[in-house]
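# Fold and contact review
Given next are the chains, with one letter for each unit.
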Amino acid sequence: KSFTLNVNVVDCMWGSWSACTVQCGNGTRTRHISQAATNGGKDCTGPSTEICIITSCTATNLSALGATAKQNGDIARRPATRAIDGSSTPVTGQSLYPGSTCAATIQSTNPWLQIDLKAAYLVSRVRAIIYGSSGQNVNVHVGNSVTNNGLNNHICGSPPYDSSTDTKAIWRDVSCSPPVWGKYIVLQRIVTNHFLEVCEVAFNYELEIAILDNSTDVEGMSFEVDEGQGLLNPIDCGVSPDATNFNALLQWKHNVTNDIPASSSGPTPGVYQVYENDHQRLYVNSTAASSHGLYSCQYAETDGTITSKSFTLNVNVVDCMWGRWSACTVECGNGTRTRHISQAATNGGKDCTGPSTEICIIT
């Protein structure tokens, strides 16, 4: 029999991660050593700073976002833009003064308000402040079609109506479950010969952002995220020798052998490439699981040499993390202590290594 005795061996322990530096998109978070290793204990491993990804985002003041609005007819001095201006909304819970804060349609059957976001978002929730009884029987449509003023798009649901608070600035929420890709948000009241008075609209959307080899820059290629579309911004392969032939020397490939199809439309689920301004550009929609994997491209330099670019795309890679060790099971002598996984590995992240139980010695 044998054993090794170390008195008061203490392994290094990390403290908790800080909050992310951003409220939406890619940021960083940090952690510090809360307990240094002593008496031969194990040193801490892993980084003190890492990328963090906030994928649930909120959009308010939609006009500042670049959105526009229209309705099936304006009442004088109450245009559709009042529903997206952000600045005219009273404090939540206060009384509304619709003549100065709210958009209003003309009196009509099934009046509607359409908001053009100018880019497609993965919408998870629509929020609206609607004045008075016009909050009854309202459908919220989200989608990419402008046909029939967007009223053919998916109906996420109807905001809850409460007559006791219908003159107050109360946000009424409609969830889109699962989230819906949409460039247009349309509110329509199902009613005969009446108004729709909308004071403000906001929405929540989801981002699926890629970590590329834990870096935002690979081999000189800049990777940025278009937060409106959940797409990696276009990645240049190089100058195309033949603008009419996507399969010339210039060609992005996925997982070595698969040519990526050419397209001029988007955003669409998956991956596509576009010939733009003499460059072959790759667009990757990171919400699609099928878009994971290795991307590579070869192109001819002006001196005839062949240059290659490649990167690996993994969405939301998270490594496994252990929690803290428990207290020893004894107050004197030999005992044990345990720890549990606080964060499981996801999307190809590294699994936790090492034991979940070990001997502890109180001397």
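Procedures and definitions
Residue indices follow the written sequence of each chain, beginning from 1 at its first position. Local features in this predicted model are restricted to residues whose pLDDT is 70 or higher, and side-chain atom pairs enter the listing and the counts only when it is 80 or higher, whereas totals over whole chains, interfaces and linings include all residues. Side-chain metrics in this entry use all non-hydrogen atoms of the structure; hydrogen atoms and water are not considered. Strands are runs of DSSP state E lasting at least 2 residues, helices are runs of H or I lasting at least 4, and numbering of each runs from the N terminus. The classification of residues rests on relative accessible area computed with a 1.4 Å probe and restricted to protein chains. Under 20% of the type maximum is buried, over 50% is exposed, and intermediate values are partly exposed. Using the Shrake-Rupley algorithm and a 1.4 Å probe, accessible areas are obtained, with residue cover drawn only from the displayed protein chains. Only buried residues count toward a nonpolar core. Its members are Ala, Val, Leu, Ile, Met, Phe, Trp, Tyr and Cys residues joined through side-chain atoms within 4.5 Å. Working rule for contacts: check all heavy atoms of both residues, and any pair within 4.5 Å makes them a contact. Throughout this description, the term salt bridge denotes a Lys or Arg side-chain nitrogen within 4 Å of a carboxyl oxygen of Asp or Glu. Paired rings are identified among Phe, Tyr and Trp, the last through its six-membered ring, by centres lying within 6.5 Å, and are further divided according to the angle between planes into stacked (under 30 degrees), edge-to-face (over 60) and tilted (the rest). Here pLDDT means the predictor's own confidence in every residue, given as a number from 0 to 100. N or O atoms within 3.5 Å of each other form a polar contact, as long as, within protein, one can give a hydrogen and the other can take it, and as long as residues adjacent in sequence are counted only when both atoms are side-chain atoms.

Our focus in this paragraph is the overall build of the chain. Regarding its fold elements, the chain presents one helix and 27 strands. In the chain, buried positions account for 40% of the 363 residues. Only carbon and sulfur atoms are counted for the fraction: they give 48% of the accessible area of the chain, which is about 18,400 Å².

Within the largest apolar cluster, 33 residues are counted, with the highest numbers of intra-cluster contacts made by Leu 62, Ile 115, Val 142, Ile 185, Leu 187 and Phe 203. Top element by residues in this core is strand 8 (residues 112-130). It accounts for nine residues. Contact partners of Ile 185, with chain neighbours within four places excluded, come to Leu 113, Gln 114, Ile 115, Leu 117, Val 126, Val 140, His 141, Val 142 and Phe 203. Leu 96, Cys 102, Ile 129 and Ala 169 belong to the second largest nonpolar core, which has five residues in total.

So, on to the pattern of salt bridges. Across all of its chains, the model carries six salt bridges by this definition. Between Glu 197 and Arg 78 there is a salt bridge; the shortest N-O distance is 2.6 Å. Of this pair, Glu 197 sits in strand 12 (residues 197-206) while Arg 78 sits in the loop between strand 6 (68-71) and helix 1 (98-101); the two residues are 119 residues apart in sequence, bridging distant segments of the chain. Given the relative accessible area of 14%, Glu 197 is considered buried. The class of Arg 78 is buried, set by a relative accessible area of 13%.

The geometry of an aromatic ring pair is captured by the separation of the ring centres together with the interplanar angle, meaning the angle of the planes. Applying the stated criterion across every chain, the model contains three aromatic pairs. The interplanar angle of 75° and the centroid separation of 5.2 Å between the aromatic rings of Tyr 121 and Phe 203 together place this pair among those described as edge-to-face. Here Phe 203 lies in strand 12 and Tyr 121 lies in strand 8, a separation of 82 residues in the sequence. Each member of the pair, Tyr 121 as well as Phe 203, is classed as buried. Plain terms: the ring middles of Phe 203 and Tyr 205 are 5.7 Å apart, the flat faces sit at 45° to each other, and that makes the pair tilted. Accessibility expressed as a relative area gives 7% for Tyr 205, which makes it buried. Clustering of aromatic rings is evident, with ring pairs tying together Tyr 121, Phe 203 and Tyr 205.

We now examine the side chain of Gln 71. Considering the arrangement of structural elements, one finds Gln 71 in strand 6. Classification of Gln 71 as buried rests on a relative accessible area of 9%.

Another aspect to go through is the confidence of the model for the chain. Averaged over the chain, the pLDDT score is 74; the fraction of residues at 70 or greater is 63%. Here residues 208-234 is a poorly scored stretch, pLDDT under 50, and it has 86 contacts once near neighbours within four places are set aside; other chains count. For residues 240-249, every residue scores under 50 in pLDDT, and the model assigns this stretch 18 contacts once sequence neighbours within four places are set aside.

What follows concerns unusual backbone geometry. As a rule of thumb, non-glycine residues mostly have phi less than zero, and peptide bonds are mostly trans rather than cis. Of note, the amide linkage connecting Ser 177 to Pro 178 takes the cis form, showing an omega dihedral of 0°. Structurally, Pro 178 is set in strand 11 (residues 172-189). The phi dihedral of Asn 61 is positive, around 45°, even though this residue is not glycine. Examined against the element boundaries, Asn 61 turns out to sit in the loop between strand 5 (56-59) and strand 6. Not every positive phi belongs to a glycine, and Lys 118 is a case in point at roughly 75°.

By secondary structure assignment, the location of Ser 134 is in the loop between strand 8 and strand 9 (138-143). Along the sequence, Ser 134 and Val 198 sit 64 residues apart, while their C-alpha atoms lie 8.3 Å from each other. Look past the residues within four positions of Ser 134 in its chain and what remains in contact with it is Arg 189, Phe 195, Leu 196 and Glu 197. A polar side-chain atom of Ser 134 sits 2.6 Å from the main-chain carbonyl oxygen of Tyr 131.

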